[in-house]
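# Residue-level structure breakdown
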Amino acid sequence: MTEIVFSRNDAVLGQLALRPVDPAADAPLLHGWVTHPKAAFWLMQDAGLADIQREYASIAASEYHDAFVGLHEGRPAFLVERYDPAHVELKGLYPARPGDIGMHFLTAPTGTPLPGFTLAVITTVMDLLFSDPSVRRVVVEPDVRNTAVHRLNEAMGFRPVGTIAKPEKVALLSVCAREQFLAARGAIR
């Protein structure tokens, strides 16, 4: 088993933890998640297993991008990507600042959803990102049509900056400073 790099105990849902993606071993699992209809905004609906392995091998080899499998009570349940927006994803599309970090997350498809699970996941992701003292702001760029994630981001303290045109989508660029997240997290409790 790959080493746990971060964990958090949610008062309601229990243990949430993150481990690095193993591109070869995790490709079948991730393929099922990112090609599921629920993951339409992940933009990998037509990807084959080899495409997923290649994508996550590329991320693992990158100096500016990494990926994690999220575990709920020890079982794979979500996917997280962390990236340096000055070098990947948003390079040249917004005025990056020192201390900016970007992220993507995806909860696994399930037939038995747990109330509050997605909120617990994004809280865990934000805790991971802000556990690095050099991180000042988290930057996200979800599809403008993904209203569910916009509401979730707002609950975490994100504020929209504006829309940006990326090659694959029109995105709503939003940022969340450490202080905004801490205030939002306190309000959720």
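No experiment lies behind these values; they were computed from the predicted model shown. (Residues numbered from 1 in each chain as written. Predicted model: local features only at pLDDT ≥ 70, side-chain atom pairs only at ≥ 80, totals over all residues. Heavy atoms only, no water.)

Attention now goes to the pattern of salt bridges. In total, this model carries 13 salt bridges according to the counting rule given. In this structure, the salt-bridge partner of R54 is D51, at a minimum N-O distance of 2.6 Å. Taken together, the positions of R54 and D51, both in helix α2 (residues 49–61) and three residues apart, correspond to about one turn of that helix. Of the charged contacts in the structure, one is a salt bridge between K166 and E89, with a shortest N-O distance of 2.6 Å. A residue pair is termed long-range when its members are at least 10 positions apart, and K166 in strand β7 (residues 159–166) and E89 in the loop between β4 (75–83) and β5 (100–107) qualify at 77 residues. For E89, a relative accessible area of 29% puts it in the partly exposed group. Taken together, the salt bridges that share partners define one network made up of E89, E141, K166, E168 and K169. (Salt bridge = Lys/Arg side-chain N within 4 Å of Asp/Glu carboxyl O. Helix = DSSP H or I, 4+ residues; strand = E, 2+ residues; numbered from the N terminus. Buried < 20%, exposed > 50% of the residue type's maximum accessible area, 1.4 Å probe, protein only.)

Turning next to the side chain of D127. Inspection of the secondary structure assignment puts D127 in helix α3 (residues 117–130). Within the local environment of D127, its side chain forms a polar contact with the side chain of R8, the two groups lying 3.4 Å apart. Ignoring any residue separated from it by four or fewer positions in sequence, one finds D127 in contact with F6, R8, F181 and R185. (Polar contact = N/O pair within 3.5 Å; in protein donor to acceptor, adjacent residues only side chain to side chain. Contact = heavy atoms within 4.5 Å.)

What follows deals with α3. An α-helix turns once every 3.6 residues. As a result, residues three or four positions apart point the same way. Look at α3: 20 Å from first C-alpha to last across 14 residues, which is about the 20 Å you get at 1.5 Å a residue. In terms of residue burial, α3 counts as a mostly covered element, since 12 of its 14 residues are buried. Looking only at α3, the buried set comprises F117, A120, V121, I122, T123, T124, V125, M126, D127, L128, L129 and F130. (Expected span 1.5 Å × (residues − 1).)

What follows concerns the packing of aromatic side chains. One pass over the full model with this rule turns up two aromatic pairs. Taken together, a centroid distance of 5.6 Å and an interplanar angle of 20 degrees make the contact between F130 and F181 stacked. Placement of F130 in helix α3 and of F181 in helix α5 (residues 178–188) is noted, with a sequence separation of 51 residues between them. For the pair F130 and F181, a shared accessibility class is recorded, and that class is buried. (Phe/Tyr/Trp six-rings, centres within 6.5 Å; stacked < 30°, edge-to-face > 60°.)

Another aspect to go through is the sheet that holds β5. An order of β1-β2-β3-β4-β5-β6-β8-β7 is seen for the eight strands of this open sheet, with the pairing classed as mixed. Each end of this open sheet is capped by a strand with a single partner; those strands are β1 (6–10) and β7. Looking at each pair of strands side by side, their axes are set apart by 25 degrees on average, direction ignored. Direction of pairing for β1 relative to strand β2 (residues 14–20): antiparallel, over a ladder of five bridges. Among the inter-strand pairings, F6 is bridged to a residue of β2, identified as L18. (Pairing = 2+ DSSP bridges. Axes fitted to C-alpha atoms, helices over the stretch in contact; angles between N-to-C directions.)

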